[in-house]
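A closer look at the structure
Now for the letters of each chain:
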Amino acid sequence: MDNNLLKEELIRISGAKPVKCMSCGKCSATCPAYEQMEYHPHQFVNMIANGDIEPLLNSKSIYKCLTCFACVDRCPRGVEPAKLVEAVRLVSVRKQGNNHLTANDIPQLLDEEIPQQALVSAFRKYTK
Amino acid sequence: MKFSYYPGCTLKNKAKDLDEYARKSALALGVELEEIENWQCCGGVFTTAKDEIATKLSSVRALKQAQDKGYDLVTVCSACHNVIKQTNFAMQDEEFASKVNNYNGEVYDGSTKVYHYLELLRDVIGFDKVKEKVVNPLKGKKIAPYYGCLLLRPNGVMKMDDPENPKIMEDFIRAIGADPVYYANRNECCGGYVALEDAEQAKQSSNRVSNNAVNCGAEVIVTACPLCKYNLVKNGSKIPVIYFTELLAEALGVKEN
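Computed from a predicted structure; not experimentally measured. (Residues numbered from 1 in each chain as written. Chains lettered and ligands numbered in written order. Predicted model: local features only at pLDDT ≥ 70, side-chain atom pairs only at ≥ 80, totals over all residues.)

Now for the overall build of chain B. Secondary structure summary: chain B contains 11 helices and 8 strands in total. Taking 18 Å as the expected radius of gyration for a compact globule of 257 residues, we find that chain B reaches 18 Å, a close match to that expectation. In terms of principal-axis extent, the alpha carbons of chain B reach across some 55 × 45 × 30 Å. Per-residue burial over chain B gives 51% buried out of 257 residues. Partitioning the intrachain contacts of chain B with sequence separation of at least 6 by distance along the chain shows that 74% fall at a separation of at least 24. (Helix = DSSP H or I, 4+ residues; strand = E, 2+ residues; numbered from the N terminus. Rg over C-alpha atoms; globule rule 2.2 N^0.38 Å. Buried ≥ 20, exposed ≤ 12 C-beta atoms within 10 Å, placed from the backbone. Contact = placed C-beta atoms within 7 Å.)

Quick look at the structure:
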């Protein structure tokens, strides 16, 4: 998809406003998944604002965000980075055959105690 | 006092304690919880996307049923509470609601009042009344409240407490006669469902929380979230992690009933 169209699509899905970002970096500083991410929350905001979206779509970073809303609540500008990460993840998993998790993957991931909540949450985030 | 009650999938299975002690304690406090009929799983996490309709339907059905019966809706699980409350907020937008209502074939407008069980204790029953009903005060017990992410954020929607300096769980701990332990990471994420595919990430996040609680002198951690409990225990918390409803039932003297 054309980069500008993709950017518009992400803004439409998320309802977030990357253009309001003043690059303070607080979202990444407070992110519990920071160390595991190739691209960090502030980079998602910046790269989407600049239409540089393909690298995000192809990065495992979209599966590291847990939508804990720390970046959303602590952003001084109301940018809502987690909603942008979610939008990129959805654009990826909505593609035919692009589910990040399938039912066949589940048996080997289970242990006796794992709550149902973990499974339904993962399916909701990783799968369409 | 009667309320509609949404237990959720995990409370019927791996987190039966959370549900059972919530019901017993409610009875002891004079509150009747009527389970929503044929409730469906909330999905565990809220999908923030503006164009996601199907993922909101189960929550809307529960909210609508409570409204039809004329009751406010009570939740216990942090995840169910977060999803249902955020969905309720989304339904206050007329354009979004019209799409969901087209699917469900009935009209709902986001007006059901949703209480987390902790809010029920604070806002409806009152912590002072809870304190009066305590027969077995947990004196001297040092308890670390663990809020995690789901109860407090996004604050504009959840509105449970100050998201950076909450006190509802601390006040609850005082009401049952114990001492709350303050620690920095009480409102940080445990790693959530990433435990499924990246155990190391969940371990890092969980250990940050449980080690912080231990270092601040806690003997036990309380939570309202089955996944927080799982992650903290699985990743070697040095102190026990239990549901807040279990402590409440113990303090009210109804744990073994």
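Now that the structure is up, let's keep going.
Another point: the domain arrangement of chain B. Residues and elements named next belong to chain B. As far as domains go, chain B holds domain 1 (2–117) and domain 2 (127–252). Spacing between the C-alpha centres of domain 1 and domain 2 amounts to 22 Å. Taken together, the contact pairs 22 residues of domain 1 with 18 residues of domain 2. Contributing elements (two or more residues each) for the side of domain 1 that touches domain 2: α1 (16–28) and α3 (78–90). Taken together, the residues of the side of domain 1 that touches domain 2 break down into 11 nonpolar, 7 polar and 4 charged. (Domains from an automatic or database assignment. Nonpolar A, V, L, I, M, F, W, Y, C, P; charged D, E, K, R; others polar.)

The strands making up a sheet are joined through hydrogen bonds of the backbone, oriented either antiparallel or parallel. Residues and elements named next belong to chain B. If you walk across this open sheet you meet the 4 strands as β2-β1-β3-β4, and the pairing is parallel. Each having just a single partner strand, β2 (32–35) and β4 (114–116) make up the two edges of the open sheet. The average angle at which neighbouring strand axes cross in this sheet is 40°, direction not considered. Helix α5 (residues 117–125) rests against β3 (73–75) and β4 of the sheet, and its axis sits at about 100° to β4. (Pairing = 2+ DSSP bridges. Axes fitted to C-alpha atoms, helices over the stretch in contact; angles between N-to-C directions.)

The predicted model of chain B has a mean per-residue pLDDT of 97, with 100% of residues at 70 or higher. Under the prediction, the complex receives an ipTM of 0.96, its pTM being 0.97. (pLDDT = per-residue confidence, 0-100.)

A few words on the packing of α1 of chain B against helix α11 (residues 244–252) of chain B. Residues and elements named next belong to chain B. Contact geometry of α1 with α11 gives a least axis separation of 8 Å together with a crossing angle of 35°. In this structure, α1 meets α11 at a crossing whose hand is left-handed. Counting all contacts with α1, which are made through D17, L18, Y21, A22, K24, S25 and A28, the residues of α11 involved are T245, E246, L248, A249 and L252. Looking at the contact of α1 with α11 residue by residue, the class counts come to 7 nonpolar, 2 polar and 3 charged. (Left-handed = near helix turned anticlockwise from the far one by under 90°.)

Residues and elements named next belong to chain B. Buried residues dominate α11, accounting for 7 of its 9 residues. Among the residues of α11, F244, T245, L247, L248, A249, A251 and L252 are the ones counted as buried. For α11, the secondary structure elements touched by its buried residues are α1, α5, α6 (127–133), α8 (168–175), β7 (220–223) and β8 (241–243). Count one or two residues on from α11 and you reach G253, which has phi positive near 75°.

If you look at the biggest cluster of nonpolar residues, it comprises 121 residues, and the most contacted ones within it are L84, V88 and A118 of chain A together with L73, A79 and F172 of chain B. At 7 residues, the largest contribution of residues to this core is made by helix α6 (residues 81–93) of chain A. Each of domain 1 (2–117) and domain 2 (127–252) of chain B gives at least three residues to this core. When sequence neighbours within four positions are dropped, the list of residues in contact with F172 of chain B reads L118, L121, F127 and F244 of chain B. (Core = buried A, V, L, I, M, F, W, Y, C linked by C-beta atoms within 7 Å.)

With that settled, the discussion passes to the interface of chain A and chain B. Note: interface size is frequently given as the accessible area lost on complex formation between the parts. Across the boundary between the two partners, chain A contributes 31 residues, which contact 35 residues of chain B. Among the elements of the structure, α1 (3–14), α5 (70–74), α6 and α7 (116–126) of chain A are those that each provide at least two residues to the side of chain A that touches chain B. Ranked by residues supplied to the side of chain A that touches chain B, first place goes to α7 of chain A with 8 residues. Grouping the constituent residues of the side of chain A that touches chain B by class yields 17 nonpolar, 7 polar and 7 charged.

Residue and element names in this part refer to chain A. Here P76 is to be found in the loop between α5 and α6. Take P76: there are 10 C-beta atoms within 10 Å of it, and that puts it in the exposed class. Sequence-wise, P76 and C21 are 55 residues apart; in three dimensions their C-alpha atoms are separated by 8.9 Å.

This brings us to the environment of K229 of chain B. Residue and element names in this part refer to chain B. For K229, the position within the fold is in helix α10 (residues 226–234). By C-beta crowding, K229 is classed as buried, having 27 other C-beta atoms within 10 Å. When the C-alpha atoms of K229 and K131 are compared, they prove to be 26 Å apart, with 98 residues separating the residues in sequence.

This brings us to the pairing of strand β5 (residues 142–145) of chain B. All names here are of chain B. Sheet topology note: the β5/strand β6 (residues 179–180) ladder contains 2 bridges and is parallel. Paired with I143 across the bridge in β6 is P180. Bridge analysis of β5 against β7 gives 3 bridges, and the strand direction is parallel. For P145, the partnering residue across the bridge sits in β7 and is V222.

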